[in-house]
Amino acid sequence: MTTATTRPARRRRHGPASDSPSEAAPIRTRALTKRYGERIAVDALDLEVHAGEIFGLLGQNGAGKTTTILMLLGLTEPSGGSARVVGLDPTRHPLEVKRRVGYLPDSVGFYGSMTGRANLRYTARLNGLVEEEAEEHIALALEQVGLTDRADSRTDTYSRGMLQRLGIADALLKDPDVLILDEPTASIDPIGIAEILGLLRRLVRERGMTVLLSSHLLDQVQSICDRVGIFAHGKLIGVGTVPELATTFGDGAAHLEATFLDGTTDPAGALREVPGVEAAERDADSGTWRIVVRPATESVRVREAIIDLGAKRALRMTSLRELEPSLEDIYRTAVAGMTRGFAVEEVTA
Amino acid sequence: MTAEAQAQAQPARAVISRPPSGWRVVAQKEIADHVSSARFYVLLLMLGAAAIVPLYFASDAIRSVASQVQDTRNAFLVLFIYAPSDIPIPPVFGFVGIVAPLLGVAFAFDAINSERAEGTLPRLLSQPIYRDDVVNGKFAAGLAVITIVLVAVVGVISGFGIVRLGIVPSLGEVIRLLAWLALSVVWVSLWLAFGLLLSVVIRRAATAALVGFGVWLLVAIFGQLIVGLIAGIVAPVASAGTIGEALSLTALSETILRLLPLTLYQEASRVLLNPSVTTVATPSTIGQLQQWQQQAEGQLLTFDQSALLIWPHVVALIALTATCFAAAYVRFMRQEVRA
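Residues numbered from 1 in each chain as written. Chains lettered and ligands numbered in written order. Predicted model: local features only at pLDDT ≥ 70, side-chain atom pairs only at ≥ 80, totals over all residues. Heavy atoms only, no water.

Q: Account for the overall build of chain A, with residues named and values stated.
A: What chain A contains, in helices and strands, is twelve helices and 13 strands. Evaluated residue by residue, chain A yields a buried proportion of 53% over its 349 residues. Considering only residue pairs separated by 6 or more positions, chain A has 71% of its internal contacts joining residues 24 or more positions apart. Accessible surface for chain A amounts to roughly 15400 Å². Of this, 51% is attributable to carbon and sulfur atoms. (Helix = DSSP H or I, 4+ residues; strand = E, 2+ residues; numbered from the N terminus. Buried < 20%, exposed > 50% of the residue type's maximum accessible area, 1.4 Å probe, protein only. Contact = heavy atoms within 4.5 Å. Areas by Shrake-Rupley, 256 points an atom, 1.4 Å probe, with all protein chains shown as cover.)

Q: Hey, could you go over unusual backbone geometry for me, with residue numbers and the actual values?
A: What you tend to see is this: most non-glycine residues have negative phi, and most peptide bonds are trans. All names here are of chain A. Residue Pro295 is reached from Arg294 by a cis peptide bond, and omega for that bond is 0 degrees. Positive phi outside glycine occurs at Val86, with the angle close to 40 degrees. Inspection of the secondary structure assignment puts Val86 in the loop between β4 (80-85) and α3 (94-100). One non-glycine residue with positive phi stands out, namely Glu131, at about 40 degrees. Taking the relative accessible area as the measure of exposure, Glu131 reaches 59% and is therefore exposed.

Q: Provide a residue-level description of the sheet that holds strand β11 (residues 277-282) of chain A, including the pertinent values.
A: Residue and element names in this part refer to chain A. Strand order in the open sheet formed by four strands is β11-β12-β10-β13, with antiparallel pairing between adjacent strands. Taken across any chain shown, the strands that pair with only one partner, and hence form the sheet edges, are β11 and β13 (317-322). Each strand axis lies, on average, 20 degrees off the axis of its neighbour in the sheet, ignoring direction. Running at roughly 175 degrees to β13, helix α11 (residues 299-313) makes contact with β10 (254-260), β11, β12 (289-293) and β13 of the sheet. (Pairing = 2+ DSSP bridges. Axes fitted to C-alpha atoms, helices over the stretch in contact; angles between N-to-C directions.)

Q: Give me the lowdown on the pairing of strand β6 (residues 178-182) of chain A, citing residues and values where you can.
A: All names here are of chain A. Of all five residues that make up β6, five are buried, and the element is covered over most of its length. Side chains Val178, Ile180 and Asp182 of β6 all project onto a buried face; the interleaved residues Leu179 and Leu181 project onto the opposite face, where all are buried too. As paired elements, strand β5 (residues 101-104) and β6 share four bridges and run parallel to each other. Each bridged residue has a counterpart across the sheet, and for Tyr103 the counterpart in β6 is Ile180. Bridge count between β6 and strand β7 (residues 210-215): five bridges; the pairing is parallel. By the bridge assignment, Val178 is partnered in β7 with Thr210. In the classification by handedness, the crossover that spans β6, the intervening helix α7 (residues 190-207) and the parallel β7 is right-handed. (Right-handed = clockwise from strand over helix to strand, strands pointing away.)

Q: Give me the pattern of salt bridges: which residues, what numbers.
A: Residues and elements named next belong to chain A. If you walk through the whole model with that rule in mind, you get 24 salt bridges over all chains. A salt bridge links Arg99 to Glu96; the shortest N-O distance between them is 3.1 Å. In this pair, Arg99 and Glu96 are both assigned in helix α3, three residues apart and thus about one turn of the helix distant. Here Arg99 and Glu96 have matching classes, each one buried. Arg100 is paired through a salt bridge with Asp177; the nearest N and O atoms lie 2.8 Å apart. With Arg100 in helix α3 and Asp177 in the loop between α6 (160-172) and β6, this pair connects stretches of sequence that are 77 residues apart. Comparing Arg100 with Asp177, the two get one shared label, buried. (Salt bridge = Lys/Arg side-chain N within 4 Å of Asp/Glu carboxyl O.)

Q: Describe a nonpolar patch on the surface, with residues and values.
A: All names here are of chain B. Together, Leu217, Leu218, Ile221, Phe222, Leu225, Ile226, Leu229, Ile230, Ile233, Val234 and Leu252 give the surface a local cluster of nonpolar side chains, amounting to about 1000 Å² of exposed area. No other element matches helix α10 (residues 205-234), which puts ten residues into the nonpolar patch. With respect to the helices and strands, the residue Leu218 is situated in helix α10. (Patch = residues over 30% accessible without salt bridge, like charges linked within 9 Å, V, L, I, M, F, W, Y side chains within 5 Å.)

Q: Can you tell me about the environment of B:Asp132, naming the residues and giving the values?
A: Residue and element names in this part refer to chain B. Note that Asp132 resides in helix α8 (residues 131-164). With a relative accessible area of 18%, Asp132 lands in the buried category. With near-sequence residues (within four places) excluded, Asp132 lies in contact with Tyr329 and Met333. At a separation of 2.7 Å, a polar atom in the side chain of Asp132 contacts the side chain of Tyr329. (Polar contact = N/O pair within 3.5 Å; in protein donor to acceptor, adjacent residues only side chain to side chain.)

Q: Could you give an account of the packing of α8(B) against helix α9 (residues 171-201) of chain B, naming the residues involved and the relevant values?
A: Residues and elements named next belong to chain B. Their axes nearest at 9 Å, the elements α8 and α9 cross at an angle of 145 degrees. Crossing hand, α8 versus α9: right-handed. Along its contact with α8, which presents Val135, Phe139, Gly142, Leu143, Ile146, Thr147, Leu150, Val151, Val154 and Ser158, the element α9 presents Leu177, Trp180, Leu181, Ser184, Val185, Val188, Ser189, Leu192, Ala193 and Leu196. (Left-handed = near helix turned anticlockwise from the far one by under 90°.)

What follows is the structure in structure tokens.
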């Protein structure tokens, strides 16, 4: 459960509190529950996000991600359990929490008749920033999201990706300790997604803040998050780094991918001889071989054995690599396991 | 556990600069929006017409009217209650009575639901302001803008009276005019609160606008017709055998008419703007009738007497406004942030 990341100490505005326990876990929930009538949207959630990490909340639409986020911000009252955000109860100290937590809502919107800068100015005033201080913060935030040259056009001329970036600038204005992003990459084209993820990575590095983001797009979460929580039917069914989750939810096998020069003798027989190899099959489309190693812990030894074998039998192998466990696979096994285990009746759309 | 205790011990660490009360920031932004919006100019034109048109048609007649009432103390107020007899144009206060609801609904029907539609509501509510700051700010902004327009219109009429007709208002008339303005602001805020309620309850701005204008049409135009019909059925004055019966039936039908807020506003306006109106109701007994006839001759009420006469009307209007606003407020506070 250790986070392998070391991040620069955040520049402190509010005094020396960086090593107090509340800073150690900027977001922590205990048995947090939200019920809508009969339906349970969030079911006894225990979540802990460490300082300075990017935490990905992963789940299908309707899994309870947004509800959780709204409870963390004090915008929805929990039906049970408790939450602590920057050491405070969001239900009882909503203003203080909202002052220190930047929030990018799901499909964020801006006042279309106002310019990007005017929209940010409104947010700045709502946060009690005035005149030069506000203008400074606005200019900085706009620069960080790369919108300086479009800042003075009306926001109804912005693309979805630009709105999303403006939303991030909006959340950064208050110089937050924690940034909560709800589906930051939804309905954005791939290039825009890459831009936003790059931006987020840079921001976390530069400002050293804690980020909680939710997404249903698994590969993005995998590429940016230090730790991931898998969320299904209002429950957190797995937390950890992607490799950790792979060992928990994987099928216990490691996957290798190998390519051979055309015209070599069929390597299948040779590959299957290696102890630990469960299966070796050729993908007809790409021509690569997929090798299943079980148990997964044998993968290093199996790789060495295959290289030796290749040299011995003149298999003319051109590449051999271990496939990273895809979060998508993990997610699927995790959710399937849960559905079997808990006999969930609901069907998510 | 100790972590939480420690966190509790230092909750308000970052009270560096207390932000200005949120509703003011919201109101500022809303006023700026209103003033630059198309609807503001449309409504300015409408109210301007409400002021100028009666004056234009009456500009000839009003001189003679003014000279007729020269000797009395309320020549100035005639500008607001004069209705030309040759064309069917309501007096200024009648016009305000009909247009003000439109103003109120037009400035509030999309207050909350447009924030939802644009996706700005969650962003707005995640700023360090209380949730009611949004409703309060929007209500205050609408009220401020409409009040400014109303004051401007009354100013134009007064200016016309002073410059063109040479009628200078007395102190009493100024007080009555200001009181009438205050009454009109209450009347507008009733509709503003109603519009706000619609914008909270109805998710689509277009639907809210339709419902709002539908209700306005019902109240302002058909309302008195329909309620009059009902009153005619419940209290058929024509069937009365004696004068006493006729009088009590009239009183009943008036009470029924007063269920309409528009009636309340019109009666109160009439009393405030015309000191010679000594009663809002037809007398309901023969004794009262005789008394009324004796008083009717050239009797002018002082301002506090007029105020006393319409006090129930004002209270009823304020209560209605408060009810509408409270309903909007409570609904909004309980609503989920996301759609």
